[in-house]
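Overview (structure and organization)
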Amino acid sequence: MSNYAQVINGVVVNTIVADAGFIETLPNKTEYKILTCGGIGWIFDGTNFIPPQPYPSWVLDSDLIWQPPTAKPDDGKRYVWFEPNRVWVEII
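Let me sum up the structure you'll find in this document.

**A look at the overall build of the chain**
- Counting its regular elements, the chain contains one helix and nine strands.
- Listed N to C, the secondary structure of the chain is β-β-α-β-β-β-β-β-β-β in terms of helices and strands.
- A compact globule built from 92 residues should have a C-alpha radius of gyration of about 12 Å, whereas the chain, at 18 Å, is more than 25% larger.
- Counting only C-alpha atoms, the chain reaches 55 × 20 × 20 Å along its principal axes.

Here it is as structure tokens:
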């Protein structure tokens, strides 16, 4: 048994656990890809599963990791991204 993602238009719309024989019986079997990580809403680029974009201003880097427009401060404090102003805000 393996985890499979049903991918439609490059987006995971469903996940199931099945064996390859069952997938072969499905009329839409080409929509199913072996799921290595991720879940519903993730993007499949033909090779990799990519998590959904967390915020509109973040961009996908060459390692397929979403990056904010400015780096998170590295001062030991806790921060959360505030998209309207595109800044990191300290959690107090």
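**A few points about the packing of aromatic side chains**
- One pass over the full model with this rule turns up six aromatic pairs.
- Taken together, a centroid distance of 4.7 Å and an interplanar angle of 40° make the contact between F44 and F49 tilted.
- The class of F49 is buried, set by a relative accessible area of 9%.
- For the pair W58 and W81, a centre-to-centre distance of 5.8 Å together with 80° between the ring planes defines the contact as edge-to-face. Placement of the pair is W58 in the loop between β5 (49–50) and β6 (59–60) and W81 in strand β8 (residues 79–82), with a sequence separation of 23 residues. Comparing W58 with W81 shows no difference in burial state: the two are buried.
- Chaining the aromatic ring pairs together yields one cluster made of Y55, W58, W81 and W88.

**Describing unusual backbone geometry**
- In this model, N9 sits at a positive phi of 55°, which is unusual for a non-glycine residue.
- On the accessibility criterion, N9 (78% relative accessible area) is exposed.

**Details of the side chain of E83**
- Within the element layout of this structure, E83 appears in the loop between β8 and β9 (87–90).
- Side-chain polar atoms of E83 contact the side chain of S57, separated by 2.9 Å.

Analysis parameters
Residues numbered from 1 in each chain as written. Predicted model: local features only at pLDDT ≥ 70, side-chain atom pairs only at ≥ 80, totals over all residues. Heavy atoms only, no water. Helix = DSSP H or I, 4+ residues; strand = E, 2+ residues; numbered from the N terminus. Rg over C-alpha atoms; globule rule 2.2 N^0.38 Å. Phe/Tyr/Trp six-rings, centres within 6.5 Å; stacked < 30°, edge-to-face > 60°. Buried < 20%, exposed > 50% of the residue type's maximum accessible area, 1.4 Å probe, protein only. Polar contact = N/O pair within 3.5 Å; in protein donor to acceptor, adjacent residues only side chain to side chain.

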